[in-house]
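# Structural features, examined
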Amino acid sequence: MILPLLMLAAGTDLRPANMAQCRAEKAVAVTVEQLTAAAGQFEGKCVTVSGPAWRRSMYSGVDGFYLTYRLGPDGWTGPEGRRRRVGLNFTGPWAGLESLRSLSVTGVADSCERMRRVLDAEDEAEERLRKRTGSQAMTIRMLSGYCHFYPGPVVWVTDFKQDVSRLYERRVGEEARRSVGSLVEVAPQWPRYSGLLALARQARKALGDRDRQRLTELFAKGGNPRPELEWLLEKPGTPFRELHDPDFDAPLAIFADAAGQYGVPAAAVPTLDGYVCFCRTGDCQDKWPIAEIDTRMNPDHPYACFDVDTDGAGAVYLESRRGYAPLREPPGSAFRPSGGKPGGR
């Protein structure tokens, strides 16, 4: 996948002026946490920073990666996670990383806040001009790339080196859930438990019966259900294939975001939002996902998950987690069909 991420807003070039002069031999070596702790100290300087990277972000480590999925009451990444992530802005073709990989980048340190100040100043100047001239013209300015979604430091990359041989494994076990995880198991006494359990049983029966009509009703959120049905029933690598056998005993676990929703504690959220996961091996103790990112598809996962969501109108729908999981499954917990290789491949 090619992602040309030019940080331009309504014609405004927000790139630092010294990018052409920023080369590895002139760069100051810094860590992710140094950049987040003292972004102003490095702003405008040529730096080299290394760490695990995925898509538009670099992290302080695997634990730092997980902590960015711990949300605060406002629904955004909490302070622990913000200290462990910096943005990466690439001004040319960039093959996005679909799994967490070791990356070393050289570039000019910047911040989303500085770029927003530039756009705010342009908005204010335009407003003054409209008042003087009576013009009704208005320019909509916004940041693209990493800063469209997140605050904090970024690096405008001028060079990078990728270690494609190094893969990072997901964290497993209840201790990892407590220390860096962001999902909690939904307890039977929680308001949403019975509804999520009912949906899980309906999806399980529909898969076992290969009931395309019922699966369409459960998974078709206002669009064509064909990609979901192909993934659930037909793809050779689908992690749901064990559920095609109605007699297969698949233990079930239901998870929810530990932070709750819009200030409502997780145990009190009334809507049917959560993750329904089925064990593919018969025993997933200390193997269940500890974060949303772990619920995404990986044929080596010992489980397969659905995402249960409620839309603005209150309608409930399911989604299979087709987005590929960026972390490798540890060999000790990887799914192996009888006599097969991990993932059955």
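Small disclaimer: the values here were computed from a predicted structure and weren't measured.

### Observations concerning the state of the cysteines
If you walk through the whole model with that rule in mind, you get four disulfides. Between C22 and C46 runs a disulfide, and the two sulfur atoms are separated by 2.1 Å. On the sign convention where negative means left-handed, the S-S torsion of about 80° between C22 and C46 marks this disulfide as right-handed. Here C22, found in the loop between β2 (12–13) and β3 (28–30), pairs with C46, found in strand β4 (residues 46–54); they are 24 residues apart in sequence, far enough to count as distant. You'll find C22 and C46 in the same group, each marked buried. The disulfide partner of C277 is C305, and the gap between their sulfur atoms is 2.1 Å. Linking C277 and C305, the disulfide has an S-S dihedral of approximately 105° and is accordingly described as right-handed. Taken as a pair, C277 in strand β11 (residues 274–279) and C305 in strand β12 (residues 303–310) lie far apart in primary sequence, 28 residues in all. Neither residue differs from the other here; C277 and C305 are each classed as buried.

### Re the environment of A53
Summarising the element assignment, A53 is placed in strand β4. Here A53 falls in the buried class, since its relative accessible area comes to 1%. For the pair A53 and E175, spaced 122 residues apart in sequence, the C-alpha separation works out to 24 Å. In this structure, A53 is in contact with M58, L88, L97, S99, L100, R101 and L103, ignoring residues within four places of it in sequence.

### Some points on the packing of helix α8 (residues 212–219) against helix α9 (residues 226–234)
It is at 10 Å that the axes of α8 and α9 come closest, and there the two elements cross at 125°. Here α9 runs oblique to α8, going by the angle between their axes. Here the hand of the crossing between α8 and α9 comes out right-handed. In contact with R212, L215, T216 and F219 of α8, α9 contributes R226, E228, L229, L232, L233 and E234. Its residues placed into classes, the contact of α8 with α9 shows five nonpolar, one polar and four charged.

### What about the nonpolar core?
With 30 residues, the main nonpolar core has L207, L215, L232, F240 and F306 as its most contacted residues. Going through the elements one at a time, α7 (193–209), α8, α9, β10 (252–257), β11 and β12 are the ones with two or more residues in this core. Considering every element that reaches this core, the biggest residue donor is α7, with seven residues. Grouped together as the second largest cluster of nonpolar side chains are 17 residues, V30, F42, F90 and V157 included.

### Some thoughts on the environment of E292
Following the sequence through the fold, E292 ends up in the loop between β11 and β12. Judged by relative accessible area, which is 15%, E292 ranks as buried. E292 sits 65 residues away from P227 along the chain, and the two C-alpha atoms are 21 Å apart. Engagement of the side chain of E292 in a polar contact is seen with the side chain of R296, the distance being 3.1 Å.

### Some thoughts on the packing of α7 against α8
Interhelical geometry of α7 versus α8 gives an angle of 145° and a closest axis separation of 8 Å. Handedness of the crossing formed by α7 with α8: left-handed. In this structure, α7 contributes L199, Q202, A203, A206 and L207 to the contact, and α8 contributes R214, L215 and L218. Here the contact of α7 with α8 is built from residues that sort into six nonpolar, one polar and one charged.

### What about the sheet that holds strand β13 (residues 316–320)?
The strand order across the open sheet built from five strands is β9-β10-β11-β12-β13, with neighbouring strands paired in antiparallel fashion. Unpaired on one side and paired on the other, β9 (183–185) and β13 mark the two borders of the sheet. On average, adjacent strands in this sheet sit at an angle of 30° to one another, irrespective of strand direction. Pairing between β11 and β12: six bridges, direction antiparallel. Within β12, the residue paired with C279 across the bridge is Y303. Docked against the sheet, α8 engages β12 and β13, running at close to 105° with respect to β13.

Cut-offs applied
- Residues numbered from 1 in each chain as written.
- Predicted model: local features only at pLDDT ≥ 70, side-chain atom pairs only at ≥ 80, totals over all residues.
- Heavy atoms only, no water.
- Disulfide = S-S within 2.5 Å.
- Helix = DSSP H or I, 4+ residues; strand = E, 2+ residues; numbered from the N terminus.
- Buried < 20%, exposed > 50% of the residue type's maximum accessible area, 1.4 Å probe, protein only.
- Contact = heavy atoms within 4.5 Å.
- Axes fitted to C-alpha atoms, helices over the stretch in contact; angles between N-to-C directions.
- Parallel < 35°, antiparallel > 145°, perpendicular 65-115°, else oblique.
- Left-handed = near helix turned anticlockwise from the far one by under 90°.
- Nonpolar A, V, L, I, M, F, W, Y, C, P; charged D, E, K, R; others polar.
- Core = buried A, V, L, I, M, F, W, Y, C linked by side-chain atoms within 4.5 Å.
- Polar contact = N/O pair within 3.5 Å; in protein donor to acceptor, adjacent residues only side chain to side chain.
- Pairing = 2+ DSSP bridges.

No statement about biological role is implied by the geometric values presented.
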